[in-house]
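So you can see what is in the structure, the chains are spelled out below.
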Amino acid sequence: MPFHVGMIRHNIRLSSSQKVCGVYARRQVNTTTTTRSHGGGVVALTNQSSHTSQTSRCLERLPLSSIVRSLVLGAFFTSPSLSKLGLAALAKIAQSRSILLHPDKNPVIRAVIKPLIYDHFCAGVTKAEVRHRVARYQRIGYSGIVLCYGKEFDPAKKDEAAAAESNVADLELAHWKQGNLETLDMLRDGDILAMKYTGAGRSVVDALISGAEPPKAFAEALEEIVGLATAQNCRIFVDAEHDEFQKTIDRWTIDLMRRHNRDGKVVVYNTIQAYLKKSRENVEYHLGLAHAEGWTMAIKLVRGAYINHDPRHIIHDTKDQTDDCYNGIVHDLLTGNMCDISKNDFPNVELFLAGHNEESVARASSLVRELASKGMLRTMPRFGQLQGMSDPLGCRILEESEEMKATCSNRNFAPPKVYKVAPWGSVQDCMMYLVRRAVENRGATHRMKDGMAEMTKELRRRAFGKIMGR
Ligand SMILES: Cc1cc2nc3c(=O)[nH]c(=O)nc-3n(C[C@H](O)[C@H](O)[C@H](O)COP(=O)(O)OP(=O)(O)OC[C@H]3O[C@@H](n4cnc5c(N)ncnc54)[C@H](O)[C@@H]3O)c2cc1C
């Protein structure tokens, strides 16, 4: 059933070669009075012109602490020498087994990492901290949180001595299961649990590499977690990982979707990495199967985080090709133009657009408006950014979403949902995640500088407002 917001005109027309970075927040949005038939009813529309300006007040939503921390970390990450030093220190701490470098045991290290880095990127150590964070996101306007248990299993760091202990694989699996169950316990209706299969330890890693069936104990644990998520009306994201695991991750996750995404219910999402040359083919494979077998395909679309580890030849040769692939998949799923399935027969799909790329978000958002205004939107996407990253972008999507709802005369229209994504766990548990964020931020200094300029403006506005008594 296509989505339909009524007749909304707007002035963004993007050709595939146009770059719109930085324009997203500056555009004009015009809506025009008309009436339109909608699902048998008549939709009365308003005459309105709204301007989403670059100086939009959307950052008003953010608490002062997160603005200040973004500025401090931004200064750090945009300085080549400081960020190089900081990254080396973080990586050393993450890999060390010494108590001296343990961020939960050495109070000096903890006093630096916890407030400055951990609190910026992670949801919390305890349930109370996480609940506090979730409540804050709710106040800002986010639809929910995507939460994952931060402890990861590093296959490269397999400890042969530990492996000799017969029950070590059982302990790793038990720990992973417990972490996911505790995560679910912190989620509310509509929130999402994100998980990595490799987090379940060496027995699962070995099965993923060899392409075997899921080990029995893991399959049972997974079934219990999915059952609980279903009962709580939560969804589950299965993260995409290194290429050596991905074929098996896809197979196991398709099997979960086949069994749990049925009869209008969607519980499990697989992740597609658009930087892979075969990613479009893979989406088509998922969609073809779902269509033929009568289940719902649910996809989290990312660009891909393992460019420095995976074989380079399987990844698009250029960033532009990755961008085109990402945007192309979004376009075809929103318009219902894939796998030669007729538009009338195009199945329900759930699509979560994970990423911090302004252009992709602007294109997707613009397309949602355009297609919804014509009653031709086949898939309503959801959006998500990582905690501590691209807050201005997240706030703009929230505004855009609220504006769509406000300008739509159909009260039942549900605009795109927007989520924040974060891990939780002890500082040590989240160290590998923090190292990846540091690497990613070092490589995105342009975006950081833009974000810092907006944050500085917002900080000035608040200070000035205080002085003026506003
Ligand atoms: C909510 C969320 C969930 C995520 N989950 C996963 C996950 O499960 N698995 C996973 O792998 N990643 C995941 N990521 C990370 C994601 O894959 C990207 O690494 C990250 O978001 C940066 O990409 P971007 O889309 O934000 O935009 P950008 O910063 O515009 O794109 C950067 C990305 O472009 C690609 N790229 C860069 N240079 C080149 C080049 N020369 N040639 C080809 N491609 C290039 C790389 O993928 C790089 O990460 C997630 C990200 C978010 C926000």
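Under an unreviewed UniProt entry, the protein has the name Proline dehydrogenase and belongs to Pleomassaria siparia CBS 279.74. The UniProt entry for the protein carries the following comment under Function (unreviewed entry): "Converts proline to delta-1-pyrroline-5-carboxylate." Looking at the Catalytic activity (unreviewed entry) heading of the UniProt record, one finds this comment for the protein: "L-proline + a quinone = (S)-1-pyrroline-5-carboxylate + a quinol + H(+)".

### A word on the overall build of the protein
Helix and strand counts for the protein come out as 15 helices and 13 strands. Sequence-distant contacts in the protein: of pairs separated by 6 or more residues, those separated by 24 or more amount to 77%.

### Comments concerning the sheet that holds strand β6 (residues 144-149)
Pairing is parallel in the closed barrel, where eight strands are placed in the order β6-β7-β8-β9-β10-β11-β12-β13. Each adjacent strand pair in this sheet contributes to an overall mean axis angle of 30 degrees, direction not counted. Pairing of strand β12 (residues 382-386) with strand β13 (residues 418-424), which is carried by four bridges, proceeds in the parallel orientation. Paired with Gln385 across the two strands is Lys420, which belongs to β13. Here helix α9 (residues 243-260) sits on the sheet in contact with β8 (235-238), β9 (268-273) and β10 (297-302), set at roughly 145 degrees to β9.

### Side note on the nonpolar core
One finds Leu147, Leu301 and Leu434 to be the most contacted residues of the largest nonpolar core, which totals 108 residues. Two domains each provide a minimum of three residues to this core, namely domain 1 (8-15 + 25-54 + 125-424) and domain 2 (62-122 + 441-470).

### Focus: the packing of helix α12 (residues 358-373) against helix α13 (residues 391-407)
Taken N-terminus to C-terminus, the directions of α12 and α13 make an angle of 5 degrees; their axes are 11 Å apart at the nearest point. The orientation of α12 relative to α13 falls into the category roughly parallel. Of the residues in α13, those in contact with Glu358, Val361, Ser365 and Arg369 of α12 are Leu393, Ile397, Glu400 and Met404. For the contact of α12 with α13, a count of residues per class yields four nonpolar, one polar and three charged.

### Description of the site of the ligand
Lining the immediate surroundings of the ligand are 25 residues, of which Asp239, Val302, Arg303, Ala354 and Gly355 lie closest. Among the elements of the structure, β9, α11 (319-335) and β12 are those that each provide at least two residues to the shell around the ligand. Among the elements that take part in the shell around the ligand, β12 stands out by supplying three residues, more than any other. Among the residues forming the shell around the ligand, the class breakdown is 11 nonpolar, 11 polar and three charged.

### A word on α9
Compared with an ideal rise of 1.5 Å per residue, which puts 18 residues at 26 Å, α9 spans 25 Å between its outermost C-alpha atoms and is within 8% of the ideal. A maximum bend of about 25 degrees is found in α9 at Ile249. When we look at burial in α9, the residues that qualify are Phe245, Gln246, Ile249, Trp252, Thr253, Ile254, Leu256, Met257 and His260. Among the structural elements, α7 (202-210), α8 (216-231), β8, β9, α10 (279-293) and β10 are those in contact with the buried residues of α9.

### Digging into the packing of helix α2 (residues 80-95) against helix α14 (residues 431-442)
In the contact formed by α2 and α14, the axes pass within 9 Å of each other and the chain directions differ by 160 degrees. Taken together, the axes of α2 and α14 lie roughly antiparallel to each other. Considering the relative orientation of α2 and α14, their crossing is left-handed. Side by side, α2 and α14 meet where Ser83, Gly86, Leu87, Leu90, Ala91, Ile93 and Ala94 of the first sit next to Met431, Met432, Leu434, Val435, Ala438, Val439 and Arg442 of the second.

### Details of the pairing of β9
Successive side chains on a regular strand alternate, one facing one side of the sheet and the next facing the other. The buried fraction of β9 amounts to six of the six residues, a majority that puts the element mostly inside the structure. Residues Val268, Asn270 and Ile272 line one face of β9 and the alternating positions Tyr269, Thr271 and Gln273 line the opposite face, and both faces are buried. As paired strands, β8 and β9 are joined by two bridges and run parallel to one another. Opposite Ile236, over in β9, you have Val268 as the bridge partner. Where the polypeptide runs from β8 across α9 and back to β9, its parallel neighbour, the crossover connection is right-handed.

Conventions and cut-offs
- Here the residue numbers are simple positions, counted from 1 along each chain's written sequence.
- Local features in this predicted model are restricted to residues of pLDDT 70 or higher, and side-chain atom pairs are both shown and tallied only at a pLDDT of 80 or more, whereas totals for entire chains, interfaces and linings draw on every residue.
- UniProt positions are given in the numbering used here, feature names are shortened, and annotations may be inferred rather than shown by experiment.
- In DSSP terms, a helix is any run of H or I states spanning at least four residues, a strand is any run of E spanning at least two, and both are numbered starting from the N terminus.
- What counts as a contact here is a pair of residues whose C-beta atoms, placed from the backbone, lie within 7 Å.
- When DSSP finds two or more bridges between a pair of strands, those strands are recorded as paired.
- For helices, the fitted line uses only the C-alpha atoms of the stretch in contact; every axis is such a line through C-alpha atoms, and the angle between N-to-C directions lies from 0 to 180 degrees.
- We call a set of buried Ala, Val, Leu, Ile, Met, Phe, Trp, Tyr and Cys residues a nonpolar core when their C-beta atoms link them within 7 Å.
- Partly exposed residues are those whose C-beta has more than 12 but fewer than 20 other C-beta atoms within 10 Å; 20 or more makes a residue buried and 12 or fewer makes it exposed, with C-beta atoms placed from the backbone.
- Those domain boundaries reflect an automatic or database domain assignment.
- An angle counts as roughly parallel when it lies under 35 degrees, as roughly antiparallel when it exceeds 145, as roughly perpendicular when it falls between 65 and 115, and as oblique in every other case.
- Polar here means any residue other than Ala, Val, Leu, Ile, Met, Phe, Trp, Tyr, Cys and Pro, which are nonpolar, and Asp, Glu, Lys and Arg, which are charged; Gly is therefore polar.
- In this analysis, residues qualify as near a molecule or strand once their C-beta atom, positioned from backbone atoms, comes within 6 Å of it.
- What a helix is expected to span follows from its residue count: subtract one and scale by 1.5 Å.
- Bending is quantified residue by residue as the angle between axes fitted to the seven-residue window ending at that residue and the seven-residue window starting at it.
- The hand of a helix crossing depends on one turn: near helix anticlockwise from the far one by less than a right angle means left-handed, and clockwise means right-handed.
- When the strands point away from the viewer and the path from the first strand over the helix to the second turns clockwise, the crossover is right-handed.

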